[in-house]
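Next come the chains, spelled out residue by residue.
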Amino acid sequence: MEAGTPTEPERAPEAASAAPGSVIRRHGVVTRIWHWVNAVAVLILLGSGLGISNAHPRLYWGRYGANFDHAWATLPHFPDWLTIPARYNLAISRRWHLFFALVLGFGLLAYMIGGLATRHFQRDLRIRGRELRPAAIWADFRQHLAFRFHDAQDPRAYNLFQKLS
């Protein structure tokens, strides 16, 4: 081995070493799993919510709710293929709905604890003063309108709207 030859390949930043068209994983495995659990939970919450709505499709606003007030809105009947379960069953729809609300809530709690423990929030999601300048906000907004959600120089970085969401 010659003098000055590195024993390990030098590590360039991931953004600089990424070839055009290559996949850059912004999130770790745990975050990706959390996102998929959220996606499933939200879909089940929507389906079970539609099942609950089919059981009582009227919305009330007032002092007594459903007792003596007139409904301010009546929702349409949703097809069975959109509801969970796929037939009329208020009790089971409510059980699915409440269970997956807990899945969503405890998943968020676990994400918050993990984000604080790994300093993900401070390192990656902290909003800096320069990002709140009107010119920077307008530039991020225009990039979003063009469906460009990351900086080509640093694809792993989050922009202002991603941090706020």
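One can find the structure itself at the top, above this paragraph.
Residues numbered from 1 in each chain as written. Predicted model: local features only at pLDDT ≥ 70, side-chain atom pairs only at ≥ 80, totals over all residues. Heavy atoms only, no water.

Undergrad: Quick rundown of the overall build of the chain? Include the residues and the values.
TA: Looking only at helices and strands, the chain features 6 helices and 2 strands. Reading the chain from its N terminus to its C terminus gives the helix and strand order α-α-β-β-α-α-α-α. Split into buried and exposed, the 165 residues of the chain put 19% on the buried side. For the chain, the computed accessible surface area is about 12900 Å², with 64% contributed by carbon and sulfur atoms. (Helix = DSSP H or I, 4+ residues; strand = E, 2+ residues; numbered from the N terminus. Buried < 20%, exposed > 50% of the residue type's maximum accessible area, 1.4 Å probe, protein only. Areas by Shrake-Rupley, 256 points an atom, 1.4 Å probe, with all protein chains shown as cover.)

Undergrad: Give a description of a nonpolar patch on the surface that names residues and reports values.
TA: Taken together, the side chains of Leu59, Trp61, Trp72 and Leu75 present a nonpolar region at the surface, about 500 Å² in accessible area. Take Trp61: its relative accessible area is 74%, and that puts it in the exposed class. (Patch = residues over 30% accessible without salt bridge, like charges linked within 9 Å, V, L, I, M, F, W, Y side chains within 5 Å. Salt bridge = Lys/Arg side-chain N within 4 Å of Asp/Glu carboxyl O.)

Undergrad: Talk me through the packing of aromatic side chains; I want residue IDs and the actual numbers.
TA: Per the counting criterion, the structure on display carries 6 aromatic pairs. Ring geometry for Tyr111 versus Phe121: centroids 5.6 Å apart, planes at 75°, classification edge-to-face. In this pair, Tyr111 is assigned in helix α3 (residues 90–117) and Phe121 in helix α4 (residues 120–125), connecting sequence segments 10 residues apart. Just as Tyr111 is buried, Phe121 falls in that class too. (Phe/Tyr/Trp six-rings, centres within 6.5 Å; stacked < 30°, edge-to-face > 60°.)

Undergrad: Tell me about helix α5 (residues 134–145), and name the residues and values.
TA: The terminal C-alpha atoms of α5, which comprises 12 residues, lie 16 Å apart, in line with the 16 Å expected from a rise of 1.5 Å per residue. Downstream of α5 by a residue or two, Phe147 has a phi angle that is positive, lying close to 60°. (Expected span 1.5 Å × (residues − 1).)

Undergrad: Which residues make up the nonpolar core, and what values go with them?
TA: Listed in full, the 5 residues of the largest apolar core are Trp34, Tyr111, Phe121, Leu125 and Tyr158. Aside from chain neighbours lying at most four places away, what touches Tyr158 is Arg26, His27, His120, Asp124, Leu125, Glu131 and Lys163. (Core = buried A, V, L, I, M, F, W, Y, C linked by side-chain atoms within 4.5 Å. Contact = heavy atoms within 4.5 Å.)

Undergrad: Give a description of α3 that names residues and reports values.
TA: The end-to-end C-alpha separation of α3 is 40 Å, in line with the 40 Å expected for 28 residues at 1.5 Å each. Among all positions in α3, only Ser93, Phe100, Gly107, Tyr111 and Gly115 are buried. The secondary structure elements touched by the buried residues of α3 are α2 (29–55) and α4. Positive phi shows up at Arg119, right after α3, with a value of about 65°.

Undergrad: Mind laying out unusual backbone geometry, listing which residues take part and the relevant values?
TA: Of note, the bond from Ile84 into Pro85 is cis; its omega dihedral lies within 30 degrees of zero at -5°. Assignment of secondary structure puts Pro85 in the loop between β2 (73–74) and α3. Although it is not a glycine, Arg119 adopts a positive phi angle of roughly 65°. Inspection of the secondary structure assignment puts Arg119 in the loop between α3 and α4. Unlike most non-glycine residues, Phe147 shows phi in positive territory, near 60°. Relative to the assigned elements, Phe147 resides in the loop between α5 and α6 (160–164). Judged by relative accessible area, Phe147 falls into the exposed class, the value being 66%.

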